[in-house]
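Letter by letter, the chains look like this.
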Amino acid sequence: MISGADAGSDPRLFPPVLDVPGVADLLGLSIEETRRLIGEGWIDSASVKGRLLFHRDRVIEWLRSQRVDPDDW
C-alpha cells in the first residue's frame, strides 16, 4: 500500500481497489473516521469474502461531490 505521503497529491498512484486503510490514507482521515463515513453510507463499498473494498475513482468522485464554497465556511 502506498501511503498518502508517498503518493503526494496524485491519487492515481493509489491502487484502483482499496481497503478501509487505503481509503483512509487517500482521504487523509483516521481509520475510525473512515469507518464512520462508510457505516453512515457516505462512501460506497463492496463486500468481497467479508472484506470491504472500494473503487479508488468512486471514492475520488464522492470527495469531489462534497466540495463546499469557501463563502459558506
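For the structure itself, look to the data block above.
Residues numbered from 1 in each chain as written. Predicted model: local features only at pLDDT ≥ 70, side-chain atom pairs only at ≥ 80, totals over all residues. Heavy atoms only, no water.

**Digging into the sheet that holds strand E3 (residues 51–55)**
Next, step 1: Spatial strand order, E1-E3-E2: three strands in an open sheet with antiparallel pairing. Each having just a single partner strand, strand E1 (17–18) and strand E2 (46–48) make up the two edges of the open sheet.
Next, step 2: Two strands pair when backbone bridges link them, and E2 and E3 are joined in this way by three bridges, in the antiparallel orientation. Paired with alanine 46 across the strands is leucine 53, a residue of E3.
Next, step 3: Lying on the sheet, helix H4 (residues 56–65) is in contact with E1 and E3; it crosses E3 at an angle near 70°. (Pairing = 2+ DSSP bridges. Helix = DSSP H or I, 4+ residues; strand = E, 2+ residues; numbered from the N terminus. Contact = heavy atoms within 4.5 Å. Axes fitted to C-alpha atoms, helices over the stretch in contact; angles between N-to-C directions.)

**Observations regarding the packing of helix H2 (residues 20–27) against helix H3 (residues 31–39)**
Next, step 1: Contact geometry of H2 with H3 gives a least axis separation of 9 Å together with a crossing angle of 105°. By the criterion of interaxial angle, the relationship of H2 to H3 is roughly perpendicular. Residues Val20, Pro21, Val23 and Ala24 of H2 form the contact with H3, whose participating residues are Ile31, Thr34, Arg35 and Ile38.
Next, step 2: Of the residues contributing to the contact of H2 with H3, the split by class is six nonpolar, one polar and one charged. (Parallel < 35°, antiparallel > 145°, perpendicular 65-115°, else oblique. Nonpolar A, V, L, I, M, F, W, Y, C, P; charged D, E, K, R; others polar.)

**As for the side chain of arginine 56**
Next, step 1: Its location among the elements puts arginine 56 in helix H4.
Next, step 2: Residue arginine 56 is classed as buried on the basis of its relative accessible area of 11%.
Next, step 3: A distance of 3.1 Å separates polar atoms of two side chains, one belonging to arginine 56 and the other to aspartate 57.
Next, step 4: Setting aside its immediate chain neighbours within four residues, arginine 56 contacts Pro11, Arg12, Phe14, Pro15, Pro16, Leu18 and Leu26. (Buried < 20%, exposed > 50% of the residue type's maximum accessible area, 1.4 Å probe, protein only. Polar contact = N/O pair within 3.5 Å; in protein donor to acceptor, adjacent residues only side chain to side chain.)

**A few points about the environment of serine 45**
Next, step 1: Relative to the helices and strands, serine 45 resides in the loop between H3 and E2.
Next, step 2: For serine 45, a relative accessible area of 39% gives the class partly exposed.
Next, step 3: Separated by 25 residues in the primary sequence, serine 45 and valine 20 place their C-alpha atoms 9.4 Å from one another.
Next, step 4: The contacts of serine 45, once residues within four sequence positions are left out, are Ile38, Leu52, Leu53 and Phe54.

Distances and angles like these do not, on their own, reveal function.
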